[in-house]
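Here is how the chains run, residue by residue.
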Amino acid sequence: MSQARKTMLLTGASRGIGHATVKRFQEEGWRILTVSRQPFDDACAWPEARDSHLQADLSDPVQVGELIALVKQRLGDGQLHALVNNAGISPKGPGGARLGVMATDYAAWNAVFNVNLFSIALLARGLFEELRAAGGSVVNVTSIVGSRVHPFAGTAYACSKAALAALTREMAHEFGQAGIRVNAIAPGEIRTSILSPGTDRIVQEQIPMRRLGEAREVAETILYLCSPASAYINGAEIHINGGQHV
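Per an unreviewed UniProt entry, the protein chain goes by the name SDR family NAD(P)-dependent oxidoreductase and belongs to Roseomonas elaeocarpi. Taken directly from UniProt, the Sequence similarities (unreviewed entry) text for the protein chain runs: "Belongs to the short-chain dehydrogenases/reductases (SDR) family."

And the structure:
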């Protein structure tokens, strides 16, 4: 008999790492429920894309609650094998300028932490039973900016990613007892459509491998953390940055 198809819920699926993750998991036969604050985009050409897309603004706790209820309905068998929290926002100033403390008001802090941290805790809490039923995995996407000042990432974004690393440890400690593994990946400079001007200089001066990372390389690591091959990895944060953190 063939094994039942595994299901993943992926937030921030509309581009870059999210797109690559959908494609890689589909190659392995997974069913993917995607979440974005944007309506379905016809450019997303993979099978089942339209029917599997869920629209929600993760900065709004009410919509997060509605999303949880909808996911429960969509699962059918009550099992969620993977929750991948890839959604994140990083507000910019005029001309794409980095926002420091003095340029960041409360509304920006609130929006960033709602999306990048609080919604993740709420999704994991709300879908805990479905994750436990599947012996599932949670993968949080943090960032290299959670542990160092970065020339492009703003203060609120950096603080939210540092907090997400702490949340990953807390969830690993609490959820591990229920058979749910929780880990994080911390990408550095990855080739996507939203690279900032000046990234080439970072590649040459800070990355020992002297190249950008590819979105598929990030997706491979996410798949590994959601597979039996990583069965004893819990509470880890894996750096995907070509050695930029050393």
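1. A closer look at the side chain of Thr221
Tracing the backbone through its elements, the reader meets Thr221 in helix H8 (residues 215–225). Here the side chain of Thr221 touches Glu217 through a polar contact of 3.2 Å, landing on its backbone oxygen.

2. Focus: helix H3 (residues 61–75)
For H3, with 15 residues, the first-to-last C-alpha span of 21 Å sits near the 21 Å given by 1.5 Å per residue. Among the residues of H3, those classed as buried are Val64, Leu67, Ile68, Val71 and Leu75. Viewed along the axis of H3, the buried residues span an arc of 100 degrees, placing them on a single side of the element. Along H3, the residues that are exposed and aim more than 90 degrees away from the buried face are Val62, Glu66 and Gln73. Structurally, H3 contributes buried residues whose contacts are with strand S1 (7–11), strand S2 (31–36), strand S3 (53–55), helix H4 (106–126) and helix H5 (128–134). If you check the start of H3, you find a side-chain oxygen 3.0 Å away from the backbone N of Val62, and it comes from Asp60. Phi turns positive one or two residues past the end of H3, at Gly76, with a value near 75 degrees.

3. Digging into the nonpolar core
Ranked by size, the top nonpolar core spans 35 residues in total, and within it Leu9, Leu67, Val71, Leu83 and Ile180 carry the most contacts. Of all the secondary-structure elements, those providing two or more residues to this core are S2, H3, H4, H5 and helix H6 (155–175). If one sorts the elements of this core by residue count, H4 sits on top with seven residues. The contacts of Leu83, once residues within four sequence positions are left out, are Leu9, Leu123, Ala124, Leu131, Ser137, Val138 and Val139. Judged by nonpolar contacts, the second largest core, of 23 residues, contains Val84, Val141, Ile222 and Ile240.

Basis of the calculations
- Residues numbered from 1 in each chain as written.
- Predicted model: local features only at pLDDT ≥ 70, side-chain atom pairs only at ≥ 80, totals over all residues.
- Heavy atoms only, no water.
- UniProt positions renumbered as here; feature names shortened; annotations may be inferred.
- Helix = DSSP H or I, 4+ residues; strand = E, 2+ residues; numbered from the N terminus.
- Polar contact = N/O pair within 3.5 Å; in protein donor to acceptor, adjacent residues only side chain to side chain.
- Expected span 1.5 Å × (residues − 1).
- Buried < 20%, exposed > 50% of the residue type's maximum accessible area, 1.4 Å probe, protein only.
- Arc of directions from axis to C-beta.
- Contact = heavy atoms within 4.5 Å.
- Core = buried A, V, L, I, M, F, W, Y, C linked by side-chain atoms within 4.5 Å.

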